[in-house]
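Observations on the model geometry
Here's the letter readout for the chains.
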Amino acid sequence: MGFFDKIKEGLAKTKKALANTLDAIFIGGELDDDFYEELTDCLILADLGVATATKAVERLRMVAREKRLQTTEEGREQLKQILAEMLDLGDTELQLKTKPSVVLVIGVNGVGKTTTIGKIATRMVKEGKKVLLVAGDTFRAAAADQLEIWAERSGASIVRQHEGADPASVVYDGIQSAKAKDVDVILIDTAGRLHNKQNLMNELNKISRVVNRELPDAAKEVLLVLDGTAKGGIVIAVSDALKVPVKFVGVGEQAEDLMPFVAKDFVDALIED
Ligand SMILES: Nc1nc2c(ncn2[C@@H]2O[C@H](COP(=O)(O)OP(=O)(O)OP(=O)(O)O)[C@@H](O)[C@H]2O)c(=O)[nH]1
Ligand SMILES: [Mg+2]
C-alpha cells in the first residue's frame, strides 16, 4: 500500500465525517457567504480548530476575489492549495547527515513516542543504517522492556539502565556506545511529560546538554509526538499553531505504519475530488 492509500486509510474516519458535508458543499453552487460559512463549520468538524479553519476560509475568500473564482469546484482546488501552503513549514525529512546523528523523541504520556521510535528504527535499519535505541524513559521498568522489544523487532541495538536511573546518564552511556560501535543514528526515547512539569522539563534539558556536550557537531532532530485524533485536520491545526514542520504521520501500531509527511498528498487524501 502506497503513502497515499495509507494516509487515506488513516483518514478514513475524517473522510466519513466529511463525506456528507465537505463533498456535498463543493458540488454545484457559488462561492457566496453561505458557502464560506458552511465550509468553515465543516473544517472545524474535521478538527482544524476554529482559528485555523477561519484563517483558511478567509484566505480562500481573498484569493477567490483576486482570481475571480466563481464555482465551488474552483474553490475546492484553491482550498487544497491554501491548506498545503499552511503545512509547508520547512524540511519534512529528518536531517541526519553526521555519524552519529541524534533523534530525541518527546511528548506527553501515551502519545506513541516509543512506538514511533520502533517504526523509525525499522525504517532506518531497512535502509542499511546502524541504529541504537536509548531507553531514556527510566520512569517505569516496562518502558525499557517495551523499547527492547522494538530493538529486537527492528534489528537496532539498545542501551538501557535500571529503573529510576538518571535518563541523562543513560543517554551518556548510549552516546559512548554509539561512538564505539560506529552507529549511524541514535534514537532517544523519553518518559512522557507535560511542559508545565518543571522537574521533568529540567530532566529534558539535562539530556539535551549531555547530547550537545558529547556530540557538539552531530546533526540533531527533536521529534515531538502528538496525540492524533482520527480526524486528519488536527495536523493542519497543529502546524498552524506551532509553525514547525510535520515529518511523519503514524497511521497504525505496526512497524511499517509510519508515513513520511507529504503535504500535497495529505491534503489530497483529506479533500478528495
Ligand atoms: N492507532 C495508532 N496507535 C498507535 C500509534 N502509535 C502508537 N500507538 C499506540 O498507542 C499506545 C501508546 O504508545 P507508546 O508508544 O507506548 O506511547 P508513549 O508515548 O511511548 O507512552 P509513554 O511512554 O507511556 O509516555 C500503544 O498502544 C501503541 O500501540 C499510531 O500511529 N496509531
Ligand atoms: Mg514510551
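Source: prediction; values computed, not measured.

Parameters and conventions
Counting restarts for each chain, with residues numbered from 1 along the sequence as it is written. Just so you know, chain letters begin at A and ligand numbers begin at 1, following the order they were written in. In view of the model being predicted, local features appear only for residues whose pLDDT reaches at least 70, and side-chain atom pairs are presented and counted only at 80 or more, with totals across whole chains, interfaces and linings using the full set of residues. With hydrogens and water set aside, each side-chain value is computed from the structure's full complement of heavy atoms. The way it works is that DSSP assigns letters per residue, a run of H or I at least four long becomes a helix, a run of E at least two long becomes a strand, and they are numbered from the N terminus. The buried label applies to any residue whose accessible area, calculated with a 1.4 Å probe on protein chains only, is under 20% of its type's maximum; exposed applies above 50%, and partly exposed to all values in between. Residues with no salt bridge and a relative accessible area higher than 30% make up the patches, which join like charges within 9 Å and nonpolar side chains (Val, Leu, Ile, Met, Phe, Trp, Tyr) within 5 Å. To be clear on the numbers: accessible area is Shrake-Rupley with a 1.4 Å probe, and residue cover counts the displayed protein chains and nothing else. For this document, the term salt bridge refers to a Lys or Arg side-chain nitrogen within 4 Å of an Asp or Glu carboxyl oxygen. Here a residue counts as near a molecule or strand whenever at least one of its heavy atoms sits within 4 Å of it. Throughout this description, a polar contact denotes any pair of N or O atoms lying within 3.5 Å of each other; where both atoms belong to protein, one of them has to be capable of donating a hydrogen while the other can accept it, and for residues adjacent in sequence the pair is counted only when both atoms sit in side chains. Residue classes follow a fixed rule: Ala, Val, Leu, Ile, Met, Phe, Trp, Tyr, Cys and Pro count as nonpolar, while Asp, Glu, Lys and Arg count as charged, and any other residue, Gly among them, counts as polar. Domain limits in this description derive from either an automatic procedure or a database domain assignment. To obtain each axis, a line is fitted to C-alpha atoms, and for helices this fit is confined to the stretch in contact; angles are then taken between N-to-C directions over 0 to 180 degrees. Put simply, a crossing is left-handed when the front helix is turned counterclockwise from the back one by less than a right angle, and right-handed when it is turned clockwise. When checking whether two residues touch, look at their non-hydrogen atoms; a contact exists if any pair is within 4.5 Å. By definition here, a helix of n residues has an expected span of 1.5 Å times n minus one. The directions considered for the arc run from the helix axis to the C-beta atoms. Angles are sorted into four bins: roughly parallel if under 35 degrees, roughly antiparallel if over 145, roughly perpendicular if 65 to 115, and oblique for all others.

1. What about the overall build of the protein?
Counting its regular elements, the protein contains 11 helices and 7 strands. Dimensions of the protein, computed from C-alpha atoms along their principal axes, come out at roughly 65 × 40 × 30 Å. The buried share among the 273 residues of the protein stands at 48%.

2. Some details on a nonpolar patch on the surface
Among the surface-exposed residues, Leu224, Leu226, Leu242 and Val244 lie close enough to one another that they form a single nonpolar patch of about 330 Å² accessible area. Inspection of the secondary structure assignment puts leucine 224 in strand S5 (residues 220-224). Of the residues examined, leucine 224 reaches a relative accessible area of 45% and is grouped as partly exposed.

3. A short note on the site of ligand 1
If you check the shell around ligand 1, you find 16 residues, and the closest are Gly110, Lys113, Thr114, Thr115 and Glu253. Between glycine 110 and ligand 1, the recorded distance is 2.9 Å, taken from a backbone N or O atom to an oxygen atom. A distance of 2.9 Å separates an oxygen atom of ligand 1 from a polar atom in the side chain of glutamine 146. When residues in the shell around ligand 1 are grouped by element, the largest group, 4 residues, is from helix H6 (residues 113-126). A breakdown of the residues in the shell around ligand 1 according to their chemical character gives 2 nonpolar, 9 polar and 5 charged.

4. A short note on the domain arrangement of the protein
What the domain assignment lists for the protein is domain 1 (3-90 + 265-270) and domain 2 (101-218). Each of domain 1 and domain 2 has a C-alpha centre, and these two points are 38 Å apart.

5. Notes on the packing of helix H3 (residues 33-45) against helix H4 (residues 50-66)
Interaxial distance between H3 and H4 falls to 9 Å at its minimum, and their mutual angle equals 150°. Handedness of the H3/H4 crossing: right-handed. Between H3, through Asp33, Phe35, Tyr36, Leu39, Thr40, Leu43 and Ile44, and H4, the contact on the second element is made entirely by Val50, Ala53, Thr54, Val57, Leu60, Arg61 and Ala64.

6. Observations regarding the side chain of serine 101
Within the element layout of this structure, serine 101 appears in strand S1 (residues 101-106). Under the relative-accessibility criterion, serine 101 is labelled buried at 0%. Those residues in contact with serine 101 that lie beyond four places of it in its chain are Leu96, Asp184, Val185, Ile186 and Ala219.

7. Some points on helix H9 (residues 198-214)
Taking 1.5 Å as the rise per residue, H9 with 17 residues should run 24 Å; its terminal C-alpha atoms sit 24 Å apart, in good agreement. Within the sequence span of H9, burial applies to Leu200, Leu204, Ile207, Val210, Val211 and Glu214. End-on view of H9: buried residues confined to an arc of 120°, all on one side of the axis. Seen from the open side of H9, the exposed residues pointing more than 90 degrees away from its buried face are Gln198, Asn199, Arg209 and Arg213. Buried-residue contacts for H9 involve S1, helix H8 (167-181), strand S4 (185-190) and S5.

8. Quick notes on the packing of H8 against H9
Where H8 meets H9, the closest approach of the two axes is 9 Å, and the angle between their N-to-C directions is 25°. Here H9 runs roughly parallel to H8, going by the angle between their axes. As H8 packs across H9, the resulting crossing turns out to be right-handed. Facing Pro167, Ala168, Val171, Tyr172, Ile175, Gln176 and Lys179 of H8, the residues of H9 in contact are Glu203, Lys206, Ile207, Val210, Val211, Arg213 and Glu214. For the contact of H8 with H9, the residue count by class is 8 nonpolar, 1 polar and 5 charged.

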